[in-house]
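Structural description and commentary
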Amino acid sequence: MVDKLNDDIGEEKRLQLWEMMLKLRLVEKKAYDLFLQNLIKGTSHLALGQEAIAGAFGVALKQGDYTFCTYRGHAHTLARGSSIEGVLGELMGRQCGLMKGKGGSMHLTDVDNGVMGSYAIIGAHLTIANGTALASKYNKTNEVSVCFFGDGTTNIGAFHEALNMAKIWNLPIVFVCENNLYMEYTPIHEVTAVEHPAADRAGAYDLDKIIVDGNDADEMLRTAEKAISKAREGKGPSLIEAKTYRHSGHSRADPGKYRPDEEVKDWMENKDPIKNYRAKLLDFNINEKIISEIEEKIKDQVEKATEISMTSPIPEIKEIYTDVWANGGSEWHN
Amino acid sequence: MAQLTYRASVSLAIAQSMRKDQKVFFIGEDVGAAGGVFKATVGLLEEFGKERVMDAPISEQAILGAAMGAAMTGLRPIAEIMFSDFLAVCWDIVANQIAKTRYMSDGQINIPLVIRTANGGGSKFGAQHSQSLENWSMMIPGLKVVAPSCPSDVLGLMDSAVKDPDPVIFYEHKSLYAFKEEIEQTDISIPIGEANTLHEGKDITIIGLALMAQRAKEAALILKDKHDINAKVIDLRSLVPLDLQTIKKSVIETGHVLTVEENPRLCGWGAEISSLISEHCFKNLKGPVTRVTTPHVPLPSADILEDNTIPSVELIVNEVIKKLKGE
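Below you will find a few notes about this structure. Small disclaimer: the values here were computed from a predicted structure and weren't measured. (Residues numbered from 1 in each chain as written. Chains lettered and ligands numbered in written order. Predicted model: local features only at pLDDT ≥ 70, side-chain atom pairs only at ≥ 80, totals over all residues. Heavy atoms only, no water.)

Tallying secondary structure elements over chain B gives 12 helices and 14 strands in all. At 19 Å, chain B has a C-alpha radius of gyration in line with the 20 Å of a compact globule built from 327 residues. In terms of its C-alpha atoms, chain B occupies a principal-axis envelope of roughly 60 × 45 × 40 Å. Scored against the burial criterion, the 327 residues of chain B give a buried share of 61%. (Helix = DSSP H or I, 4+ residues; strand = E, 2+ residues; numbered from the N terminus. Rg over C-alpha atoms; globule rule 2.2 N^0.38 Å. Buried < 20%, exposed > 50% of the residue type's maximum accessible area, 1.4 Å probe, protein only.)

So, in C-alpha cells, the structure goes:
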C-alpha cells in the first residue's frame, strides 16, 4: 500500500521520472527495430529493463554534474538530456549523431549535457570519473561525478584502484554498479568470490554497503539523491549496488539463451520497472489521462527523432582526418 | 649563467609551469614528500602544497585516469609514471582512453595532460626497468611523444608540453639525469615538433633521440677529429609530431643516413624514418639507410651485457666508418 500522506517524492517528480524512463525504454526499443532493419550497424548493448537506474539519476542530477557510463549507455546519455536524434543518429552513423558517426553506439558523448563519454573497455572510466571529481575538488566547485558500470566490472583491477583513490581523496563521486546478474554470458555469482559483487567490496574501502532494488524507481531515486547530496556536501564517495535485469541479451549478437526461461519471465512480467511504475502512479491517484498523454508525447518524440535521424546526411569522408588533435587535424609530421 | 642538471631541470620546469598556471597540478607515486625516486621532483611539495602535488598510491590506472578526467574539465595535469615500463599496467588508459577520446567525441573533449616518465637503460636495472618505449606511444594516433636530450630541452619542451592542448608523453632518460649544461635563461619554451642540430656536417646525417642523440654527438666529434668525417647530428626531440623537413634538408645534402635507436630492432622509430626518407629523398640517397638499434632482445642487467646491448659511441663511430669507407 502506498502512504500518500507521507509521500517524499510527490507527483511532479514522479511524472518526471515516468517520462524519463519511458523515453529510455522507447528509444531503446526503436534502436532494436532499427537494428532489425539493418539501419544500425556494428554492435549495440541495450539497457531494456534497467531504465530505473539511469532514469533516477537523470532526475536527481543537476546541469553541470558529470556522468560516465559504459557501452550499455544509450539510456544514461538520454537521461542527461541528450537529444533522441543525437543518440539514434550516432547509432545510424549520421551527421546529426552526437559525434557525427565518429564514435558509435559504445562511445556516446555529449559534454554540453555532462555526458563525459561512454566507455567500452571495462574498468577505465571509474578511474577517469575520479578525475572530474578531483577537478571539482581542486576548483572548489560543487559538481558531482557519477559513474555507472556493470557487475562484471567489479572483478577488474581498475575498479579497486578507483575506489581506493576516491576514498583517500574524499572525492565527490557516486559509483553505481548495475548488477544485472550476468557478466556478459556468465552468471556473475559463478565468477565472483562474494555474493554482492560491489556492495560486499565496499567495506574494503571504508564505504557503506548499499544495495537497492534497481527496478524500483522510487527507491532508486531516493538512493541516488542521498548519495549525490553526500558527494555535493563534501562528504565523499558512495558505492551503490542496484539489482536489475536486462530484458535482452548482452549485445546484438546474443539472444541470451543461457538464462533460465522462468527467470526471464519473472523479471519481464513481475519486475519490469516501467510496468510497475505505471501501476504505482495509478496507486498514487495520478490521473491515467496524464500518464497516457506522456506516453503519447514520448512516442511522438521518438518517431520524429527517428525521421530526423534517417534523413540526416551520412558523414563526409574527409571527417576521417579531423579532430585527432586540438587543431582539428590529424597531421603527424611537417 | 648557471649550471643545471637534467634532473634539476625537470623539477624546475614543473615548478615554472605551476607558477604560471594555477590549472597545472602534479600527481604520481613518491613524487611529493620523497621528491621522486630519481630526485627529479624535489621541492615541489614544499612550494605548492598537497593540493597541487599529490602523492598517489601504486595505482597507475587510477593515476592516469584521474589525470585524464581532470584534463577533460580543462585542468592541466602532469602525471608521473615512475618507470616507462610501468606504462604497460595502465596502457588501456593511455592507448585507448587518453589517445582516442578526442577523436571519438568528435572534438568535444580536449585532454591537455603530460605524462612524464623515466625511460631508457644504462642503470643496470634489467629488462623491466630499462626499456626505451617511445615506439609504443608513437604508433598510436592521438599521442604526442617527446624525449629531451639535455636540460635546456627539458625546460623548453616541458613548457610547451604543459601548454599543449593535446596529451603529451614526456620520456625523460634515466642516464641523462646527471647530465649538466650551462643555462642562461631557464624560463624558455621550445615548440614540440622542431628537431635540433647537435653537430653540423655534410658527409652523413645521424638521427638520434634522447641519450642516443647525445651519443651521436660524441661520435660526431670523434669522427671529425680522428677520421675527417663531418656528420650532421639531428636530435629529433619529438617523434610525434616529427620534424620531417629538417631530416629531408640534411639528407638532400649528405645522401647518407644513420639512425640510432635505443629500443630493440623491430618496429623501432628508425624504421619509420627510413621509410619516410626512401619515400621523400630516394633520389638523393647514396646508399641504404642504416639503422643502429639494440639487438632484438630484452635488456640484460650485468655491466658488460647491458653496455654491449645499447648502442655505444664506439659502435656509432664504427658504423659510420663502415658505411662511408667500407671498412
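Don't stop here, the text continues.
On to the state of the cysteines. Residue and element names in this part refer to chain A. All told, the structure shown has zero disulfides over all chains when counted by the stated rule. The thiol of Cys-96 is not disulfide-bonded; the next cysteine sulfur, from Cys-69, is found 19 Å away. Free of any disulfide, Cys-147 has its nearest cysteine sulfur in Cys-69, 8.7 Å distant. (Disulfide = S-S within 2.5 Å.)

The subject of this paragraph is the nonpolar core. Grouped together as the largest cluster of nonpolar side chains are 85 residues, with contacts concentrated most on Phe175(A), Leu64(B) and Leu236(B). Residues from two domains meet in this core; each of domain 1 (2-183) and domain 2 (196-325) of chain B gives at least three. The next biggest cluster of nonpolar side chains, apart from the first, holds 62 residues, and it includes Trp18(A), Ala79(A), Ile228(A) and Ile298(A). (Core = buried A, V, L, I, M, F, W, Y, C linked by side-chain atoms within 4.5 Å. Domains from an automatic or database assignment.)

All names here are of chain A. Strand order in the open sheet formed by six strands is 2-1-3-4-8-7, and the pairing between neighbours is parallel. Of all the strands in the sheet, just strand 2 (115-119) and strand 7 (210-213) have a single pairing partner and so form its edges. Recorded for the sheet is a direction-independent mean angle of 20° between the axes of neighbouring strands. Pairing of strand 3 (residues 145-150) with strand 4 (residues 173-179) involves six bridges; the strand directions are parallel. (Pairing = 2+ DSSP bridges. Axes fitted to C-alpha atoms, helices over the stretch in contact; angles between N-to-C directions.)

Purely geometric numbers; function is a separate question.
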